[in-house]
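Chains, contacts and geometry: an overview
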Amino acid sequence: MRVRVLGPLQVVAGEREVPVSAARSRKVLAALALAAGQPVSLDRLIDAVWQADPPATAAKQIRNTVSDLRRLLAATAAVPPTPTGYRLAVETDVGAFAEHLARARAHASEGRDADAAGEYRAALAQWRGPALADVAVPALAAQVAGLTEQRLVAMEECVELELALGAPGLVRELTALVAEHPLRERFAAQLMTAHLRDGAHAEALTVYETVRRALAEELGIDPGPRLRGLHARILADDRPAPVPARCDLPADATHFTGREAELRRLLDAAGGGGAVAISAIDGMAGVGKTALAVHTAYRLMDRYPDAQLFIDLHAHTPGRDPLPPQVALDKLLRAIGVPGERVPDDVEDRAALWRAELARLRAVIVLDNAADAEQIRSLLPGRSASLALVTSRQRLTSLDNVCLVSLDVLPPQDARALFAGVVGHERVGAEPDAVDEVLRRCGYLPLAIRIAASRLRHRPSWTVAHLAARLGELPTGVAAAFALSYRHLSQRAQRLFRLLGLIPGPDIDLYAAAALAGHRPEETTAVLDELVDAHLLQEPLVGRFRFHDLLRSYAAESAAGDDRRGALTRLFDFYLHTASAAMDTLAPTEKPHRPSLPPYDTPRPALTEYQAALRWLRAENANLVAVADAAAADGWHRHACHLSSTLWRYFHVSGKQNDALALHAHALTAARAAGDRLLEAETLASLGYVGWWLGRYREAITHCRAAVAVARETGNLALEGRALHALGLVHCRLEQHAEAHAVFTRMMTVALDSGDRILEAYALRGLGDVHNRLGEHGQALSWLGKALSLAEETGNRSAEGFALNGLGDVHRRIGDHATAADYQRRALTTAKQTGNRNVEIRALNGLGELPTTGYDQAIGYHRRALALAETVGDRFEQARAHQGLAGVYRALRYADEERRHADAARDLYTDLGIRAPGEVPA
């Protein structure tokens, strides 16, 4: 069941639309669906139906309407009550839009642009027209307007990435967007960039003139710096680079105040963007270093139009190690469009490439939260027209030719202006002495002032003097503002605040927070809202919560007297049991081989639908890895090991192999600490799969053989079969055909002895691949046909996708190209339905290799495969895509492109330690 409001209101059950005809039911359902699973108060529902003139029986009528909706949705649990009203507990397109958008932005922040673009398109695909197109509810107008703005921003961010990726067909889409939204300058700039990329300078100038007139007539303003810069460069025939400007900066501070002298110094040091500049801002925690750096970067966008980058180096982030220069360089290189295969492994080589790439750009880079000069030395630009803005708690005196700006607390007049900007000038003017006392108690620190002012703003009955008196009871500085808000929380909110300081991951959702506290989600919702309202917790995405770094430290320190072990046990239990439930949905046929867990009655999200389970796993990916790390380090050994045994298939399918490597490594540490050889062998088998994917073949063989030895010793056929499968894949990749055949044959015996039909399907597929590579195509078709039949019979979509890949490649090799294309398209459909990137990449490369595929299509297939393979770290498929592209460009007689891709393929095959095949295997 799914409720859709991003367009006309619809309720869909499977392929069938469920009609909702009653006007009152439509309005109540619309209000609930817009909240995307969050509680909606009874008063809000009454406003949605009657606006300002509800009848005396309004509450009763709403309850009757909810009963009607429950019958319509065929489940009482579809609209459960909350302490203040109701919430909608079925899937909505608003929730799906928010989840896809969050993943898109997370991928973009990691430099995974192709992945991000795909998630943006998935988010935008939720929209079928204007939100609530056929339901007029004035009380929801602001909410609808906010959603519409989110949609437009998502489109802007999506197009920005697709321009960087060289996606075709954007001119037509952008032309329509600019016509519909003539005052949105970013769309106009993107359309100009797309025209310029195609050499259409006149069209780009026409766009500029049209938008300039619209801005002048409607708003009385001129175009912004980005549009003006593009216009000037066209007139000067200084064409912009094909990769458009990228802006990763966080939002500018809403009430940025003061720092005029420091800001002027930074702006003057930046010059005109014609030579490299480095400025370092230092100061104590909470003094506003990041806010100043980001504000400065925004002020300098017109001087540095090619890129505005931001990276958090995590020097003082609780629970995280400082970001190594090698990792930071990888993120920065990808952010400016350097393909993954061009990023070298050595940190010095990465630094050299970074400086070389920046030499052609005018970019501003904010290096935030640096530990010391050594952490950032290799990240600084060389001789280029770029600017680096560094923030650190340390004064970076060892850097040469740097403008050093040290921040102290705010001067009294600036502190007063910041306070007034939040609470209003009237309240400040009415009690000037009390304001001075509040500022003094806050130590003139911007972070403390903002929190204290926010506390007053949301308490209209308080005077400034009352706030000052409250602060007077506490220590001065940031802790005073924290403590003031903390002391006014309910006891439950205080306890949850402290416990949240213990979470190992970057954020938390409602269900995990409820498990941590040992309460029901319905009770926890109100407590989380209380923390957000007090500005002690952030809610950057609907239903996901996180701390500011300083608040996290404060919360963790405050938790000293709590039952830390009990809370973390509840949290770790929640993640393990919920991950297991998600995997039961993703891979139900493998359920007997996952760890057997005790009964668990703590509430958790409904994950009975495939896409819902996959979304939960993607959203919690970082948390699951962090939990495994914390569990292994602090003595929850079985939790760490069981997470590894439960989630290995998810990581294998999703392609998140670096995360898989980290999680399985934590589990291996835990298994060895527990002295459990069977758990250790389970983890080694999982590491074998990761090694195959990442091209660590010798390491993978060692892990797999060790797992097989333990499995045989203990008689564990399921473990032996899984380890043999990974081992066979490695031998096959290394073209060790005899070894691969022997391993898959033994795997078949294990499958038959254990009655494991899924393992049998994978063994059949492995044998088919071996015969295919040996040129024994008849036998290959027989084995692979049996594998496909068995996969379909058992409902294992992963095995089905791999069998389709294999059959497609055999038919390509024997010249039956139409049948080969059919199999690979079926594989591609299966992959997209199940989120299996492994199968998807192989299907794309397989389609690109077919002689019957047109040149443009082939280039498109291989580029998509290359982008995905770079995202997931599959170097073999990257090499295969490059080799395919080299072949297409050879046929087109584009010698430079052919040479570039051929060199890239050769380098990758050499790095993997395998021979570059004359005919690329599947």
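What comes next concerns the included structure. From a predicted model like this one, the values you see are computed outputs, not experimental measurements. As a convention, each chain's residues are numbered from 1 in the sequence order in which they are written. Per-residue local features are limited, in this predicted model, to residues with pLDDT of at least 70; the limit for side-chain atom pairs, both in listing and counting, is 80 or more; totals at the level of whole chains, interfaces and linings are taken over all residues. The basis for every side-chain value is the complete set of non-hydrogen atoms in the structure, without hydrogens or water.

Right, let's talk about the side chain of Thr 830 for a bit. If you trace the backbone, Thr 830 turns up in helix α38 (residues 817-834). Each residue is placed in one exposure class: buried if its accessible area under a 1.4 Å probe, protein chains only, is under 20% of its type's maximum, exposed if it is over 50%, and partly exposed if it falls in between. Residue classification places Thr 830 among the buried residues on the basis of a relative accessible area of 5%. Any pair of residues with heavy atoms lying within 4.5 Å of one another is described as a contacting pair. Aside from chain neighbours lying at most four places away, what touches Thr 830 is Arg 797, Glu 800, Gly 801 and Leu 804. Numbered from the N terminus, helices here are DSSP runs of H or I no shorter than four residues, and strands are runs of E no shorter than two.

Looking now at the pairing of strand β2 (residues 10-13). Along β2, one buried face is formed by Gln 10 and Val 12 and the opposite face, lined by Val 11 and Ala 13, is buried too. Two strands qualify as a pair provided that DSSP identifies no fewer than 2 bridges between them. Bridge analysis of strand β1 (residues 2-4) against β2 gives 3 bridges, and the strand direction is antiparallel. Bridging from a neighbouring strand, Arg 2 pairs with Val 12 of β2. Following β1, the chain reverses through 5 residues before pairing antiparallel with β2; Gly 7 in that reversal takes a positive phi of roughly 135°. Pairing analysis gives 3 bridges linking β2 to strand β3 (residues 16-18), with the strands arranged antiparallel. Bridging from a neighbouring strand, Ala 13 pairs with Arg 16 of β3. Following β2, the chain reverses through 2 residues before pairing antiparallel with β3; Gly 14 in that reversal takes a positive phi of roughly 65°.

Spatial ordering of the open sheet is given by β7-β9-β10-β11-β8-β12, a layout of 6 strands whose pairing is parallel. If you trace the sheet from one side to the other, it starts and ends with β7 (246-247) and β12 (403-406), each paired once. Looking at chain direction, strand β10 (residues 363-370) and strand β11 (residues 387-392) are connected through 5 bridges and run parallel. By the bridge assignment, Val 364 is partnered in β11 with Leu 387. Angles run from 0 to 180 degrees between N-to-C directions of axes, and those axes are lines fitted to C-alpha atoms, restricted for helices to the stretch in contact. Strands in contact with helix α12 (residues 289-299) are β8 (277-282), β9 (307-312), β10 and β11; relative to β11, the strand with the most contacts, it is inclined by about 170°.

Attention shifts here to the packing of aromatic side chains. Any two aromatic rings considered together are summarised by their centre-to-centre distance and by the angle between their planes. Two rings from Phe, Tyr or Trp (for Trp, the six-membered ring) form a pair when their centres are within 6.5 Å of each other. A pair whose planes differ by under 30 degrees is stacked, one over 60 is edge-to-face, and the rest are tilted. Here the structure, examined in full by the defined rule, presents 11 aromatic pairs. Residues Phe 574 and Tyr 575 carry aromatic rings whose centres are separated by 5.4 Å and whose planes lie at 70° to one another, so their mutual orientation is edge-to-face. Like Phe 574, the residue Tyr 575 is buried in the burial classification. Considering the side-chain rings of Trp 692 and Trp 693, the 6.4 Å spacing of their centres and the 85° angle between planes classify their relative orientation as edge-to-face. In this structure Trp 693 comes out as buried when scored by relative accessible area, which is 2%. Within the aromatic cluster, the residues linked to one another by ring pairs are Tyr 486, Phe 497, Phe 547 and Tyr 554. In this structure, Arg 565 is placed above the aromatic ring of Trp 636, and the distance from its NZ or CZ to the ring centre is 3.9 Å. Each ring is checked for a lysine NZ or an arginine CZ that lies within 6 Å of its centre and within 35 degrees of its normal; such an atom marks a charge sitting over the ring. If you follow Arg 722 out to its NZ or CZ, it ends over the ring of Trp 648, 4.4 Å from the centre.

What follows deals with the side chain of Arg 765. With respect to the helices and strands, Arg 765 occurs in helix α35 (residues 757-773). Residue contacts for Arg 765: discarding those within four places in its chain leaves Leu 729, Leu 784, Ala 787, Phe 802 and Ala 803.

On to the packing of helix α11 (residues 260-270) against α12. In contact at an axis separation of 10 Å, α11 and α12 are set at 50° when each is read in the N-to-C sense. Relative to α12, the element α11 is oriented oblique. For α11 against α12, the interelement crossing comes out right-handed. Residues Glu 262, Leu 263, Arg 264, Leu 266 and Leu 267 of α11 touch α12, and the partners they reach there are Leu 292, His 295, Thr 296 and Arg 299. Ten residue types, Ala, Val, Leu, Ile, Met, Phe, Trp, Tyr, Cys and Pro, are classed as nonpolar, four, Asp, Glu, Lys and Arg, as charged, and the remainder, Gly among them, as polar. In terms of residue class, the contact of α11 with α12 is made up of 4 nonpolar, 2 polar and 3 charged. Under this scheme an angle from 65 to 115 degrees is roughly perpendicular, one under 35 degrees roughly parallel, and one over 145 degrees roughly antiparallel; angles in between are oblique. Take the far helix as your reference; a near helix turned counterclockwise from it by less than a right angle gives a left-handed crossing, and one turned clockwise gives a right-handed crossing.

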